[in-house]
Amino acid sequence: MITRTRSGWNKFRDLLPVLTSKDFSLHSKGRVSQACVRSVILYGSETRAVKETDLFRLKCNDMRMIRWMCNVTFKDAKPSSEMRERLNLDSIINSIRRGR
């Protein structure tokens, strides 16, 4: 899972101009993130056994990316569900479960 997470961050950094731009809507950013970044992170998760620590790592990294796209910090105290809703994204854990 560490290599999948690292690969996801590399793809996120490649798309950083698009994902952090003010010119694109949050819905468009969410679609790009779902298609490019999350597909890299979740690749092969249907067949691989996933531990609780791996799920925690995935959830934390996913929320870091979402906060970065929404330009929200911890000090803003916005709920995670609200930010995912604005990007029209499902929880990464639910995505793994749905893929299985």
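Fair warning: this is a prediction, and the values are worked out from it, not measured in the lab.

**Points about unusual backbone geometry**
Piece 1. Look at A77: it is not a glycine, yet its phi comes out positive at around 55°.
Piece 2. The phi dihedral of N88 falls on the positive side, at around 60°, and the residue is not glycine.

**Observations concerning the nonpolar core**
One recurring pattern in soluble globular proteins: nonpolar side chains tend to sit buried together.
Piece 1. F12, V37 and I66 are the most contacted members of the largest nonpolar core, which has 22 residues in total.
Piece 2. Residue assignment for this core shows that the elements contributing at least two residues are helix 1 (2-14), helix 3 (26-41), helix 4 (52-70), helix 5 (80-87) and helix 6 (92-99).
Piece 3. Top element by residues in this core is helix 4. It accounts for seven residues.

**Focus: the environment of V18**
Piece 1. Among the structural elements, V18 can be located in helix 2 (residues 16-19).
Piece 2. Between the C-alpha atom of V18 and that of S91, which follows or precedes it by 73 residues, the distance is 21 Å.

**Regarding the pattern of salt bridges**
Piece 1. One pass over the structure, following the stated rule, counts four salt bridges.
Piece 2. Of the charged contacts in the structure, one is a salt bridge between R38 and D62, with a shortest N-O distance of 2.6 Å. Residue R38 is found in helix 3, and its partner D62 is found in helix 4; the two are separated by 24 residues along the sequence. Here R38 matches D62 in class, with each residue buried.
Piece 3. In this structure, R98 engages D90 in a salt bridge whose closest nitrogen and oxygen atoms are separated by 2.9 Å.
Piece 4. Residue class for R98 comes out exposed when judged on its relative accessible area of 57%.
Piece 5. On the accessibility criterion, D90 (30% relative accessible area) is partly exposed.

Thresholds, definitions, all that
Residues numbered from 1 in each chain as written. Predicted model: local features only at pLDDT ≥ 70, side-chain atom pairs only at ≥ 80, totals over all residues. Heavy atoms only, no water. Core = buried A, V, L, I, M, F, W, Y, C linked by side-chain atoms within 4.5 Å. Buried < 20%, exposed > 50% of the residue type's maximum accessible area, 1.4 Å probe, protein only. Helix = DSSP H or I, 4+ residues; strand = E, 2+ residues; numbered from the N terminus. Salt bridge = Lys/Arg side-chain N within 4 Å of Asp/Glu carboxyl O.

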